[in-house]
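In case you want the letters, here they are:
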Amino acid sequence: MRLSSPRCLVLLLVWNSTGAGRILGRIKARVRNVSLQEATEPLRRVEEGRIHQQLDHLDRLDVSTFPQRFFVNEAFWRRADGPVFLYIGGEGPISESSVLAGHHVVMAEELGALLVALEHRFYGDSINPDGLKTENLSDLNSQQALADLAVFHQHISQKFNLSRRNTWISFGGSYAGALSAWFRGKVPAASGLRSSMTVYVQEDASSSPHLPLLPFALLRCSFVFLQFPHLVYAAVASSAPVRAKLDFSAYSRVVASSLANEAVGGSGKCLAAVREAFAAAQVLMGGNASRVAADFGCCQMPKNLEDQMELMQNLADIVTGTVQYNEAGGLMSINELCVVMTNTSEAMAEETRPYNRLVKLAHIYRSSSEEPCLDVSHEKTVTALMDTAVYLGRTAERQWTYQTCNEFGFYQTCEEASCPFSGLVTLRSQTELCRMLFGISQHSLPERVAFTNTYYGGDDAHTHRVLYVNG
């Protein structure tokens, strides 16, 4: 089977980790748009639809619903016995590209698969008008998302009259990769949590796709395990962070390793230059913030420590976004970034210091994104995260921030000596948002993350027939 060549070196990075600034989100959106433009199948082959999902699958007395968006591509499907490839949406909107581009689409063409994609609850168009209010975010979690997948499985099975001959395979990357693995998960009988209630959708949905779906028991208990390993035959989990981690310092370590990796255009000299540039910027900001603001084209003067952290995070995003997406259509490749940071040609003679090279990187970003200046106001960031209005094109930062506070952590810190960026980006500075935005105490975060790992198994996820793909 021929697969398109991989474009991203660092597959284990979380796509939208909290702690990342707004720039990384914009780079991600750019990559998504490039993916859609490169799709080979015409859009007219794609069907877009909505399914009304229950907001709380564990409470059958609560009839509140929300519209959940999905896409279907039948272009390659061999109807009688062709498999079904389920693309799972993660912490952002999905689009037609979810069933038009990617390795799963290449394989679908070869294997005659039906392609379906489901958007994650509370992201993109899959949200109610009041869904972002803090009191309503309790229905946003991975357990409910897995139940959404089960309901969607039955919807597609009925819509296309599927039988057990139509084998289901789930696909997901990053957080959605973890969901793909967990969709195949099952708590072992020996688990200490097994004494809690386990809820199944139906005994064998593949053999009887028209059986009534769910009735989830109404009994409330300390743990309710929603398990659906029978609904998909196997799962592909790309760069799946199955172990939640409060302090995700490993992120910067992997970025640093990639910057030094000659196989992808990096070098030890490049990593050293990046490290020196950030150190110089932080020192200069301590004594001459106006100079730094002018150099990097900031919209505002960094007036306090929080604004300085915002600037340093944005600058780090330019580097991490490059590493995370490499040649997938982001700002530039690792090789191109390292050329800027280390080039000794005559054209770069006036910018010999790494600090000046970092300034040039910021200018390249602003030019390519058509941003007149870098917004470094932490107050504006917090205000935007507090906005609960639902409108077309809004970012997913509030939703994902809530999930990291409530379930996962994944805070990209820079407090270790190995981190090549600014030490201003600390765990405390990032988790403070949990209290400010949602009233979630910083002291409760370790327990929340520990529960997630206990629930799903962490690195020892209780899964079978799951292909974990990591770089």
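All of these numbers come straight from a predicted model, not from anything done at the bench.

(A) Representation of the overall build of the chain. Secondary structure summary: the chain contains 14 helices and 11 strands in total. Across the 471 residues of the chain, 57% fall into the buried class. Long-range pairs, those at least 24 residues apart, make up 78% of the contacts in the chain between residues at least 6 apart in sequence. Accessible surface, the chain as shown: approximately 19,800 Å² in total, 52% of it carbon and sulfur.

(B) Region of the structure containing unusual backbone geometry. Unlike most non-glycine residues, N161 shows phi in positive territory, near 55°. By the element assignment, N161 lies in the loop between α3 (142–159) and β5 (168–173). Of the residues examined, N161 reaches a relative accessible area of 58% and is grouped as exposed. With a phi angle near 65°, F410 is a residue other than glycine that sits in the positive phi range. Structurally, the position occupied by F410 is in strand β10 (residues 409–411).

(C) Structural detail: the pattern of salt bridges. Inspection of every chain in the model, using the stated rule, returns 14 salt bridges. By sharing partners, the salt bridges in this structure join E48, R50, R69, E119 and D125 into a single network.

(D) Focus on the state of the cysteines. Under the counting rule described, the total for this entry stands at four disulfides. Two residues, C299 and C373, share a disulfide whose sulfurs are 2.0 Å apart. Its torsion about the S-S bond being 95°, the disulfide of C299 and C373 is classed as right-handed. With C299 in the loop between α7 (289–295) and α8 (305–325) and C373 in the loop between α10 (354–369) and α11 (378–386), the pair connects residues that are 74 residues apart, well separated along the chain. With a relative accessible area of 22%, C373 lands in the partly exposed category.

(E) Just helix α2 (residues 103–111), in detail. Those residues of α2 that sit buried are H104, V105, M107 and A108. Each buried residue of α2 sits inside an arc of 160° when the element is viewed along its axis, so together they form one side. Here the buried face of α2 lies against β3 (84–88), β4 (114–118) and β5. Just downstream of α2, G112 is the residue with a positive phi angle, here 70°.

(F) Spotlight on helix α9 (residues 334–342). Of the positions making up α9, those classed as buried are I334, L337, C338, V340, M341 and T342. Tucked inside the fold, the buried residues of α9 contact α5 (250–259), α6 (268–287), α8 and α10.

What counts, and where the lines are drawn
- Residues numbered from 1 in each chain as written.
- Predicted model: local features only at pLDDT ≥ 70, side-chain atom pairs only at ≥ 80, totals over all residues.
- Heavy atoms only, no water.
- Helix = DSSP H or I, 4+ residues; strand = E, 2+ residues; numbered from the N terminus.
- Buried < 20%, exposed > 50% of the residue type's maximum accessible area, 1.4 Å probe, protein only.
- Contact = heavy atoms within 4.5 Å.
- Areas by Shrake-Rupley, 256 points an atom, 1.4 Å probe, with all protein chains shown as cover.
- Salt bridge = Lys/Arg side-chain N within 4 Å of Asp/Glu carboxyl O.
- Disulfide = S-S within 2.5 Å.
- Arc of directions from axis to C-beta.

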